[in-house]
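Read off the chains here:
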Amino acid sequence: MESFVFYTSSSSFSPSPRLSLLRRSQPSLKSPVNILPSSASSRPLLNLRSPPSHLLSPLALFNSKPSPKLQAPPRPIQASPSPPPPPVAESPKGAKIIPLIFSLSIGLIVRFLVPKPAEVSMQAWQLLSIFLSTIAGLVLNPLPVGAWAFLGLTTSILTKTLSFSAAFGAFTSEVIWLIVISFFFARGFVKTGLGDRVANYFVKWLGKSTLGLSYGLTFSEVLIAPAMPSTTARAGGIYLPIIKSLSHSVGSKPGDPSARKLGAYLVQTQFQSAGNSSALFLTAAAQNMLCLKLAEEVGVIVSNPWVSWFRVASVPALVSLLLTPFILYHLYPPEMKDTPDAPAIAAKKLELMGPVKRDEWVMIGTMLLAVSLWVFGEAVGIASVVAAMLGLSILLLLGVIDWDDCLSEKSAWDTLAWFAVLVGMAGQLTNLGVVTWMSSCVANLLHSLSLSWPAAFSVLQASYFFIHYLFASQTGHVGALYSAFLAMHVAAGVPRVLSALALAYSTNLFGALTHYSSGQAAVYYGAGYVDLPDVFRVGFIMALVNAVIWTVVGSFWWKFLGLY
């Protein structure tokens, strides 16, 4: 702020000191006092009501009205400076000390204190210790996920546990690049407004009651999911804004008792249904493709993956999608049962959006092409990642998204970094025999308990599912445990393809256990409509509901398909 000084000129003077006044006023004619800030001193003084005293002639001073007494000499009045801003406490830089110590300790204890089994080589044991420290860091977060994975990668090379080419081998994985490109497709859906348009159409058609509104939102996500492979992007970019708009229109506010009027129910149903939408299609979530890649490294090959995935998941997933809004309607009921204004609100939004735009048509055509190639690509010799690359090329050529959009999609590049590290380490652990050794140990334990393969399947699935309470990422869970649990299934005699797919479906379903269990969990909980105890209570109950549906309905359907 500029500071400046000005002198009061309103004082009047008695006749006796006129000569001294004259002498004092003469120098000021040569050098007038600047009463304005420096930036304005060169501008003409056109807006003053009367000229200041130092610009008046000496005769004007003599003719001024006499004052009863001589005033004190003028004193400068200085504008008080603005108070300095409060000091901002700097957040500590670098790694968080306590999580860092715990993460490193786990690997060091395994490497130097736990006896190495005779069946495992020193190289494999050392890599296992690095891998466990990396996984612990993903859970405890001493650094951002990508940075911590890079440290693990560097350690594996620095200790000569892996060669440079072996450590970076997974960066050329087709599945990982398919995941990266899927983020760019999700950006296109949000940028063009196509996802928002589809969701609003379903609200317009089905939104006259709260239950119908919930079904409209749920099945619009089913329609969008195969072409928008990010549950988090669907939640934050499409569904939460729609839910907030509908809730505010009826006075249902976050962090307020009115949240239970409508908003809390819609958030819970969308949150709990999203896992089944992601489990229904291979390309509906990034972790699905990672699961099949890891299964391939364990030796389990799923032929024609897109079609096989959908066929096996279709019946139990659709039953869950049909029952979830209805069950929550009674388990976590909304106060408002009818929403007659919702279709009108959606219709108004669609009217404001106008007709389908050119970029939306391009997005529709591109995604139809990509999904068609994902379904039939094996028959025509086009791999899934090539189909995705073709779709992205079309979007770039026609300007639906630009390269800056791709560069700004930080989550895609971060995923590339740490996914590749985890996949690479997991693959090397398999090659070095660690996963085989672990699975044989678990298989011997299960055999000692005289468990049949269906019983072993139930125990392993439940363990894999509920251990997710310790994870804050679905993909992190997959990278850490999927390969090991799949090997345990196979060693226990569970049919191989059934094992691989059932674990992958569970990976989607446990994303609604807690407020930190997935990216979409953080989005929906962060909206403020649902209290934390309700998140845990409803999450646990719906986990049991999904387990029953997928076990009972799935077992009959999978028997019909010949999976066992």
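Everything discussed here concerns the structure shown above.
Enquirer: Give me the lowdown on the packing of aromatic side chains, citing residues and values where you can.
Expert: Counting across every chain of the model gives 24 aromatic pairs. Ring centres of Phe185 and Trp374 lie 6.4 Å apart, and the angle between their planes is 55°; on these two criteria the pair is classed as tilted. Of this pair, Phe185 sits in helix 7 (residues 174-192) while Trp374 sits in helix 15 (residues 358-380), and the two are 189 residues apart along the sequence. Residue Phe185 is classed as buried on the basis of its relative accessible area of 1%. Exposure remark for Trp374: the relative accessible area of 5% places this residue in the buried category.

Enquirer: Requested: an account of the nonpolar core, with residues and values cited.
Expert: Ranked by internal contacts, the top residues of the largest apolar core, which has 153 residues, are Trp374, Tyr482 and Tyr505. Sequence-distant contacts of Tyr505, that is, excluding residues within four places in its chain, are made with Ala279, Trp309, Val312, Ala313, Trp550 and Trp558.

Enquirer: Could you give me a rundown of helix 7, with the residues and numbers involved?
Expert: For helix 7, with 19 residues, the first-to-last C-alpha span of 27 Å sits near the 27 Å given by 1.5 Å per residue. The buried count for helix 7 comes to 14 of 19 residues, which makes it a mostly enclosed element. Looking one or two residues beyond helix 7, the residue adopting positive phi is Gly193, at roughly 80°.

Enquirer: Go over the packing of helix 21 (residues 474-491) against helix 22 (residues 496-509), please, and point to the residues and values.
Expert: In contact at an axis separation of 10 Å, helix 21 and helix 22 are set at 155° when each is read in the N-to-C sense. When the axis of helix 21 is compared with that of helix 22, the two are roughly antiparallel. Between helix 21 and helix 22 lies a crossing whose hand is right-handed. Residues Gln474, Val478, Tyr482, Phe485, Leu486, His489 and Val490 of helix 21 pack against Arg496, Ser499, Ala500, Leu503, Ala504, Thr507 and Asn508 of helix 22. Residue composition of the contact of helix 21 with helix 22, by class: eight nonpolar, five polar and one charged.

Enquirer: Summarise the environment of Leu100; cite the residues concerned and give the values.
Expert: Within the secondary structure, Leu100 is located in helix 3 (residues 97-112). On the accessibility criterion, Leu100 (22% relative accessible area) is partly exposed. Remark: the alpha-carbon pair of Leu100 and Asn141, spanning 41 residues in sequence, is separated by 8.0 Å. Leave out the neighbours within four places in its chain, and Leu100 touches Ala95, Pro142 and Trp148.

Enquirer: Residue-level account of a nonpolar patch on the surface, with values.
Expert: On the surface, a nonpolar cluster with roughly 560 Å² of combined accessible area is contributed by Ile97, Ile98, Ile101, Phe102, Val139 and Leu140. Looking at the nonpolar patch element by element, the count peaks at four residues for helix 3. Position of Ile98 relative to the elements: it lies in helix 3. Given a relative accessible area of 54%, Ile98 falls into the exposed group.

Enquirer: Describe in detail the environment of Gly526, supporting the description with residues and values.
Expert: Note on placement: Gly526 falls in helix 23 (residues 519-526). Separated by 272 residues in sequence, Gly526 and Pro254 have C-alpha atoms that sit 9.7 Å apart.

What counts, and where the lines are drawn
- Positions within a chain are numbered from 1, following the residues in the order the chain's sequence is written.
- Only residues with pLDDT of 70 or above have their local features reported here, since the model is predicted, and side-chain atom pairs are shown and tallied only from 80 upward, although totals for entire chains, interfaces and linings are computed over all residues.
- Remark: hydrogens and water are excluded; side-chain values derive from all non-hydrogen atoms of the structure.
- Between rings of Phe, Tyr and Trp, where Trp is taken as its six-membered ring, a pair exists when centres lie within 6.5 Å; planes separated by under 30 degrees are stacked, by over 60 edge-to-face, and by other angles tilted.
- A run of H or I in DSSP counts as a helix once it spans at least four residues, and a run of E counts as a strand once it spans at least two, with each numbered from the N terminus.
- Each residue is placed in one exposure class: buried if its accessible area under a 1.4 Å probe, protein chains only, is under 20% of its type's maximum, exposed if it is over 50%, and partly exposed if it falls in between.
- In these notes, a set of buried Ala, Val, Leu, Ile, Met, Phe, Trp, Tyr and Cys residues joined through side-chain atoms within 4.5 Å is what counts as a nonpolar core.
- When checking whether two residues touch, look at their non-hydrogen atoms; a contact exists if any pair is within 4.5 Å.
- For a helix, the expected span equals 1.5 Å multiplied by the residue count minus one.
- Geometry is summarised by axes, namely lines fitted to C-alpha atoms with helices restricted to the contacting stretch, and by angles between N-to-C directions that run from 0 to 180 degrees.
- Our angle categories are set so that under 35 degrees counts as roughly parallel, over 145 as roughly antiparallel, 65 to 115 as roughly perpendicular, and the remainder as oblique.
- Handedness of a crossing follows from how the near helix is turned relative to the far one, being left-handed for an anticlockwise turn of less than a right angle and right-handed for a clockwise one.
- We call Asp, Glu, Lys and Arg charged. Ala, Val, Leu, Ile, Met, Phe, Trp, Tyr, Cys and Pro are nonpolar, and the rest, Gly among them, are polar.
- Note on patches: the residues involved have over 30% relative accessible area and no salt bridge, like charges join within 9 Å, and the nonpolar side chains Val, Leu, Ile, Met, Phe, Trp and Tyr join within 5 Å.
- In this description, accessible areas are obtained by the Shrake-Rupley approach with a 1.4 Å probe, and a residue is regarded as covered only by the protein chains that are shown.
- Salt-bridge detection follows one rule: a side-chain nitrogen of Lys or Arg within 4 Å of a carboxyl oxygen of Asp or Glu.

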